[in-house]
Structures are given as structure tokens and as C-alpha cells.
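Survey of secondary and tertiary structure
For reference, the chains in residue letters:
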Amino acid sequence: MAVGRVIKRQRQFWVMILMLFCISSPVSAKERVLVFAASSMTNALMDIGRQFDRQHDSEIVFSFASSSALARQIAYGAPADLYLSANQEWMDYLAGKQAVVADSTVVLLSNQLVLVSPKVNSSAAVTLNSDWDLVAAIGDSRLAIADPDHVPAGRYAKQSLEHLGLWNKASSHLAQSANVRAALALVERGESPYGIVYQTDAKVSDNVRVAATFPPDSHSPILYPLALVKRDTSEMTLTFYRYLQGPEAAKVFRHYGFEVKTHSVGEE
């Protein structure tokens, strides 16, 4: 009997030790990758992130804002793992500050600039040239664009309007937004009769229609460079960096209207 009680107590002891070990041991956490990306990429990247997470023990987290705001945050030490900009200038800015990994920059995508109007406005088609009476078309409202002093979409918009001889008419009738998605929202809500956004933004909205497409030669090429941020790069970060250049991500990007510029890994 005594021996039986000792064995029973020993078993209870080891069961308690095992339980304490299980309680005190940290749960295996998924590896987190933080991506700073231009707001115009929100829908495509969210889909790609979920797709990647289903295939890996990972948690892809995104911070979306204007390329300029994100670049400044990275320059001041924000803990991003990857940066996806809506133009080369802000990538060059970070390269100049040695804030991204040398030789890791690749031009991933390109886009187009369009003029949009609320979908309920069935007579909103526009011929983009110097004869367009922009002020009459806007009326008492304003033309929605991203901030041309800081946001790539706004800079492209200003370049196009200058090229077409419309900037002087437009400059005093602007509703400037912090990023391109905010400009899109003004048109979606009917607060602006027209807005200038990327083709991919118009594609994801059920509440706007494309009134015109800006000539590609009216602005600098709309390119999206990708780079590793200069910090200790994890294997999962490298894996997602390559995945963004691969055929599965390319399929999603094309679905949302982007043109894939890189030769995707795995594609002939």
C-alpha cells in the first residue's frame, strides 16, 4: 500500500510539473513581417498577405499611408521590414539615408492615372485637353487630388494638369487629401464631382466611374519600387520579399489592375 501511494504521488508530481511546464512555456507565435506600403496598394496587398499566411507560419502586417509619410517614418527608425513606394523618389530618399538594404530595390509594378466621377453622374465623360472647362465642370465644388507637394499621386496629377494646360484653372479649385484613397473617398461620397486617382483605385470602387484616362506621357512613369528595410532581415521577411515578386502575387496584382514589371520568380 505504501509503495502504491508513493508511486501515485510520484505520478501526480510529474503530472503537475508537466502542467506547469506547458503553462509557463510560451505559445509558438507566428513570425511577424511588417510591410509599409502606399495606400493605393491596400486591396491587392491585403489579399496577397492572407494568401501568404495560409501557406506559411506567418503574420503579414501592413501599414498603409502615403509613400512620403511612410518613408519619413522609416527614416526616423520605424520598425518596418519591407517598404513599397508609389514612386522612385521616396525610395531614393531612403537609399540616400542608408535606410534600405543596398541592391534590394526592385521595380515591382506600374499604374495609370485616371479622372473619376461619382457613378451616379452618367454624363461625366471628359476629353482631357486645354479646352476642357474644368471650372464649369466642378461648379461650386472642388477637384479631389492627393497633396501634390507630398504625395506621389498628387504629384503625377499636377504634372498631367500642367502638361495639358489645365493646372492654372485647377490650382485654386482643389480639395487636397493626405493620400490617394482619401481623394477617392471624396468622389465616392459625392463631395467632389471629379477626382484624380490611380486606375487601380477606380477599379476597387463600386461608387465611381472613369471619366477619362490621362495620357501616359503627361506625367512621370508611375512605378512601385520594393525594398528590404535596413535592419536584421528574418528568413520570413526574405521569403515574403521573394513571394511579392513571384507568380502567385503577380496574379493578384494583375487582378487589381496593376502592370507587373518584374520578371516574376517561377515564371518563364
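Here we summarise the structure given alongside this text. Here the residue numbers are simple positions, counted from 1 along each chain's written sequence. Residue-level local features of this predicted model are given only where pLDDT is at least 70; pairs of side-chain atoms are given and counted only at 80 or more, and the full residue set underlies all totals for whole chains, interfaces and linings. Note that the side-chain values use all heavy atoms of the structure and ignore hydrogens as well as water.

**Describing the environment of Trp-167**
Numbered from the N terminus, helices here are DSSP runs of H or I no shorter than four residues, and strands are runs of E no shorter than two. Considering the arrangement of structural elements, one finds Trp-167 in helix α7 (residues 167-170). Distance from Trp-167 to Leu-134, taken between C-alpha atoms, is 9.7 Å for residues 33 residues apart in sequence. Residues count as neighbours in contact if any of their non-hydrogen atoms are within 4.5 Å of one another. Excluding anything up to four places from it in sequence, Trp-167 contacts Pro-148, Lys-158, Leu-161, Glu-162 and Leu-174.

**Considerations on the packing of aromatic side chains**
Two rings from Phe, Tyr or Trp (for Trp, the six-membered ring) form a pair when their centres sit within 6.5 Å of each other. Planes less than 30 degrees apart are called stacked, planes more than 60 degrees apart edge-to-face, and all others tilted. Summed over the entire model, instances satisfying the criterion amount to eleven aromatic pairs. Here Phe-52 and Phe-240 contribute two aromatic rings whose centre-to-centre distance is 4.9 Å and whose plane-to-plane angle is 65 degrees, an arrangement assigned as edge-to-face. Here Phe-52 is found in helix α2 (residues 42-55), whereas its partner Phe-240 is found in helix α10 (residues 235-243), with 188 residues between them in sequence. Accessibility expressed as a relative area gives 0% for Phe-240, which makes it buried. For the ring pair Phe-253 and Phe-258, a centre distance of 6.0 Å and an interplane angle of 85 degrees mean the geometry is edge-to-face. Only protein chains enter the area calculation, which uses a 1.4 Å probe; residues under 20% of their type maximum are buried, those over 50% are exposed, and those in between are partly exposed. On the basis of relative accessibility, which here comes to 1%, the residue Phe-253 falls in the buried class.

**Things to note about the pairing of strand β2 (residues 58-65)**
Every regular strand shows the same layout, with side chains that alternate between the two sheet faces. Whether two strands pair depends on DSSP finding at least two bridges between them. Relative to β2, strand β1 (residues 31-38) is paired through eight bridges, and the arrangement is parallel. Pairing of Ala-37 across the sheet is with Phe-64, part of β2. The handedness rule is simple: strands pointing away from the viewer, and a clockwise path from the first strand over the helix to the second, make the crossover right-handed. One crossover worth recording links β1 to the parallel β2 by way of α2, and it is right-handed.

**Let's talk about the pattern of salt bridges**
By salt bridge we mean one thing: a side-chain nitrogen of Lys or Arg within 4 Å of a carboxyl oxygen of Asp or Glu. Under the counting rule described, the total for this entry stands at seven salt bridges. Residue Arg-50 is joined to Asp-47 by a salt bridge in which the shortest nitrogen-to-oxygen separation is 2.6 Å. Placement of the pair is Arg-50 and Asp-47 together in helix α2, with a separation of three residues, close to one helical turn. On the accessibility criterion, Asp-47 (26% relative accessible area) is partly exposed. We note a salt bridge from Arg-231 to Asp-81, for which the minimum N-O separation is 2.4 Å. Of the two residues, Arg-231 sits in the loop between β10 (223-228) and α10 while Asp-81 sits in the loop between α3 (67-75) and β3 (82-84), which places them 150 residues apart along the sequence. Owing to a relative accessible area of 38%, Arg-231 belongs among the partly exposed residues under this scheme.

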